[in-house]
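Structural overview for review
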Protein chains: 2
Amino acid sequence: MARVEASAPGLRADAARNRCAIIEAAGELYGQHGLDTPFDDIARHAGVGNATLYRHFPTRCALLAAVFADTLERVVEAAERALAIRDPWDGFAAHLTFLCNLQATNRGLADLLITAVTGAPEIEQLRKRAYRAFVRLSERAKASGSLRADFTPEDLVLLLMANAGLVHRTGDIAPVASERFITLALDGLRKAAATTGTSPPGAAVMRRAMRKRGQDLGYT
Amino acid sequence: MARVEASAPGLRADAARNRCAIIEAAGELYGQHGLDTPFDDIARHAGVGNATLYRHFPTRCALLAAVFADTLERVVEAAERALAIRDPWDGFAAHLTFLCNLQATNRGLADLLITAVTGAPEIEQLRKRAYRAFVRLSERAKASGSLRADFTPEDLVLLLMANAGLVHRTGDIAPVASERFITLALDGLRKAAATTGTSPPGAAVMRRAMRKRGQDLGYT
DNA sequence: GCAGAACCGGGGACAGCACCCCGCTTCGGG
DNA sequence: CCCGAAGCGGGGTGCTGTCCCCGGTTCTGC
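Below or above, wherever it landed, is the structure these notes cover. Not measured: the values here are computed from a predicted model. (Residues numbered from 1 in each chain as written. Chains lettered and ligands numbered in written order. Predicted model: local features only at pLDDT ≥ 70, side-chain atom pairs only at ≥ 80, totals over all residues. Heavy atoms only, no water.)

All right, on to the interface of chain A and chain B then. Counting residues at the interface gives 42 residues for chain A and 42 residues for chain B. Looking only at chain A, the three residues that lose the most surface to chain B are Arg169, Arg180 and Leu184 of chain A, adding up to 24% of its buried area. Taken together, the connections running from chain A to chain B amount to 10 salt bridges. A salt bridge links Asp187 of chain B to Arg148 of chain A; the shortest N-O distance between them is 2.8 Å. (Contact = heavy atoms within 4.5 Å. Buried area = accessible area lost by both parts, 1.4 Å probe. Salt bridge = Lys/Arg side-chain N within 4 Å of Asp/Glu carboxyl O.)

Time to look at the relation of the copies chain A and chain B. Look at the two chain copies: a rotation about an axis and a shift along it is all it takes to match them. After a rotation of 180 degrees and a shift along the axis of 0.0 Å, chain A superposes on chain B with an RMSD of 0.1 Å. Accordingly, the operation relating the two chain copies is best matched by a two-fold axis. With an isologous cut-off of 70% or more, the 100% of interface residues of chain A that recur at the interface of chain B puts this contact in the isologous class. (Least-squares fit on C-alpha atoms with pLDDT ≥ 70 in both.)

Let's shift gears to the protein's contact with DNA strand C. As a matter of local geometry, DNA strand C sits amid 22 residues, with Arg12, Asn18 and Arg55 of chain A together with Ala13 and Phe39 of chain B nearest to it. A share of 64% of the atoms of DNA strand C within 4 Å of the protein falls on sugar and phosphate groups. In the environment of DNA strand C, a base oxygen lies 3.0 Å from a nitrogen or oxygen atom belonging to the side chain of Asn50 of chain A. Within the side chain of Arg12 of chain B, one N or O atom sits 3.5 Å away from a base oxygen of DNA strand C. At the level of elements, helix H2 (13-33) and helix H4 (50-56) of chain A together with helix H2 (13-33) and helix H4 (50-56) of chain B are the ones that each hand at least two residues to the surface near DNA strand C. (Near = heavy atom within 4 Å. Polar contact = N/O pair within 3.5 Å; in protein donor to acceptor, adjacent residues only side chain to side chain. Helix = DSSP H or I, 4+ residues; strand = E, 2+ residues; numbered from the N terminus.)

Residue and element names in this part refer to chain B. For the pair helix H6 (residues 88-105) and helix H10 (residues 174-189), the least separation of the axes is 9 Å and the interaxial angle reads 150 degrees. For the element pair H6 / H10, the angle class is roughly antiparallel. Crossing angle aside, the handedness with which H6 passes H10 is right-handed. Residue-level contacts link Trp89, Phe92, Ala93, Leu96, Thr97, Cys100, Asn101 and Ala104 of H6 to Ala174, Pro175, Ser178, Glu179, Ile182, Leu186 and Leu189 of H10. A breakdown of the residues in the contact of H6 with H10 according to their chemical character gives 11 nonpolar, three polar and one charged. (Axes fitted to C-alpha atoms, helices over the stretch in contact; angles between N-to-C directions. Parallel < 35°, antiparallel > 145°, perpendicular 65-115°, else oblique. Left-handed = near helix turned anticlockwise from the far one by under 90°. Nonpolar A, V, L, I, M, F, W, Y, C, P; charged D, E, K, R; others polar.)

Once that is clear, we can look at the protein's contact with DNA strand D. DNA strand D sits among 22 residues. The nearest are Ala13 and Asn50 of chain A together with Arg12, Asn18 and Thr52 of chain B. Of all DNA strand D atoms lying within 4 Å of any protein atom, the proportion belonging to sugar or phosphate reaches 61%. Side-chain polar atom of Arg12 of chain A to a base oxygen of DNA strand D: 3.2 Å apart, as the coordinates give it. Side-chain polar atom of Thr52 of chain B to a phosphate oxygen of DNA strand D: 2.9 Å apart, as the coordinates give it. Within the residue set of the surface near DNA strand D, elements represented by two or more residues are H2, helix H3 (39-46) and H4 of chain A together with H2 and H4 of chain B. Among the elements that make up the surface near DNA strand D, the one with the highest residue count is H4 of chain B (five residues). Residue classes in the surface near DNA strand D are distributed as nine nonpolar, six polar and seven charged.

What follows concerns the nonpolar core. Counting 135 residues, the largest nonpolar core has Tyr30 of chain A together with Tyr30 of chain B as the members making the most contacts within it. Top contributing element to this core by residue count: helix H5 (residues 60-83) of chain A, with 10 residues. Once you skip the residues sitting within four places of it in the chain, Tyr30 of chain B turns out to touch Leu35, Thr37, Phe39, Ile42, Leu63, Leu64, Val67, Phe68, Asn106, Arg107, Gly108 and Tyr219 of chain B. (Core = buried A, V, L, I, M, F, W, Y, C linked by side-chain atoms within 4.5 Å. Buried < 20%, exposed > 50% of the residue type's maximum accessible area, 1.4 Å probe, protein only.)

Once that is clear, we can look at the environment of Asn101 of chain A. Residue and element names in this part refer to chain A. Within the secondary structure, Asn101 is located in helix H6 (residues 88-105). Classification of Asn101 by relative accessible area gives partly exposed; the value is 28%. In this structure, Asn101 is in contact with Glu179 and Ile182, ignoring residues within four places of it in sequence.

In this section: the environment of Ala130 of chain A. Residue and element names in this part refer to chain A. For Ala130, the location among the structural elements is in helix H8 (residues 121-143). Residue classification places Ala130 among the buried positions, given a relative accessible area of 12%. Residues Ala130 and Asp14, spaced 116 residues apart in sequence, show a C-alpha to C-alpha distance of 35 Å. The contact partners of Ala130, leaving out residues within four places of it in the chain, are Val75 and Val76.

Residue and element names in this part refer to chain A. In the structure shown here, the tally under the stated rule is 13 aromatic pairs over all chains. With 6.4 Å between their ring centres and 45 degrees between their planes, Phe134 and Phe151 make a pair best called tilted. Linking Phe134 in helix H8 with Phe151 in the loop between H8 and helix H9 (153-170), this pair joins segments that are 17 residues apart in sequence. Since its relative accessible area comes to 1%, Phe134 is described here as buried. Owing to a relative accessible area of 2%, Phe151 belongs among the buried residues under this scheme. (Phe/Tyr/Trp six-rings, centres within 6.5 Å; stacked < 30°, edge-to-face > 60°.)

Residues and elements named next belong to chain A. With 18 residues, H6 extends 26 Å from end C-alpha to end C-alpha; this agrees with the ideal 26 Å at 1.5 Å per step. For H6, a buried count of 13 out of 18 residues is recorded, marking the element as mostly surrounded by other parts of the structure. Capping the start of H6, Asp87 holds a side-chain oxygen 3.1 Å from the backbone nitrogen of Trp89, two or three residues further along. (Expected span 1.5 Å × (residues − 1).)

All quantities given are derived from atomic positions and should not be read as evidence of function.
Below is the structure:
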């Protein structure tokens, strides 16, 4: 809260209060219903008029950034904490599990992790940092011989996309469905399990898919 | 085509022609854009007025049934063909691959395979038959010791839901993304790869998710 | 406690989609 | 060939979601 108010300097007291209420309401609704929650719903849930919402956050991206900035920061921290785990595989598995669990309990985040939000550079920045930390995790695990050799960072995006879809379609049982998904995925990612199969899509092509998703959701 | 016309007896020649055009257009648009394609788009693409569409197919379910009935029939046949494959694992893997590829090339089918369409009993019937054939495939593979012991039919639904989400989010590169997904999934499904992890959600709970998805898409 | 600026929010214009109505066209049996 | 009926399709209504406008309200420095 203090963070939020600090990020809105020179604002009248009531305006700051409203801003805060909006961010809280948006966080809640995004978590429950996903990033395509209607703006008017958020305004109503925050107890303000929709005009107030549009004044504080002229674009969907602006609201998104305000809502998810510190959550993403915590994701980065979690990745760094996973790097501190002694066993490379355990660190890798722990973080992948963490990410999927996050998706299962927050639909908005589920989409955000695999969507390029070009209109919110700070979010992009944070996602990139989280991504880089994950790359380190996966390289460490690969070097130790526990992660399959053909794993690439695009596989993470792919798995998160799949898990996001699963979360979306399973509704309230998303946590248990997602948990099972992680079990199967991790079992398929161990080096011992790897067969010579298809390799993942290229990075450029995957980035394009993430950008397209952003456009589809209205986050230019 | 002959099949389609045969399924519309006692219809004036022009009406039969329109009906056919609608089914073809719907199949194409459903395949490209998913089951939530606007009705008016389908009518325009078929070159008829929307009233004509509504007259021939009073509900979304009716159109769905007309469009996907024989495709689903082919899915059942494919499952039975997979049962004829000597090696139990190969049969299982071949059919799972077949299903995921189908999803990757047809967005509508991607959703249909994991959605309960209560308003179209014949579709439900066919899905159930395809499902039962898959259960036989998986039991045979499990008995042979190649498929992980904790596999349940709900895992199929779970994987198809995940793959549907992946297909949805990867757009035109869905085929290659889906192919990689299958590689990882199959590697995680082999008995040798299995660790003691979380078990899949129950059947009842999974059915409920499929029904809910049908309601969300407007297919009561 | 007051003046003026900052802020609020109900309601309206506009767009997309579902679904229907009714005057006109076209088919096809006799 | 011709007429009755089956069939057609262009609007039309209702609903939902986005985004803006403007009359009224509330805060804050003095």
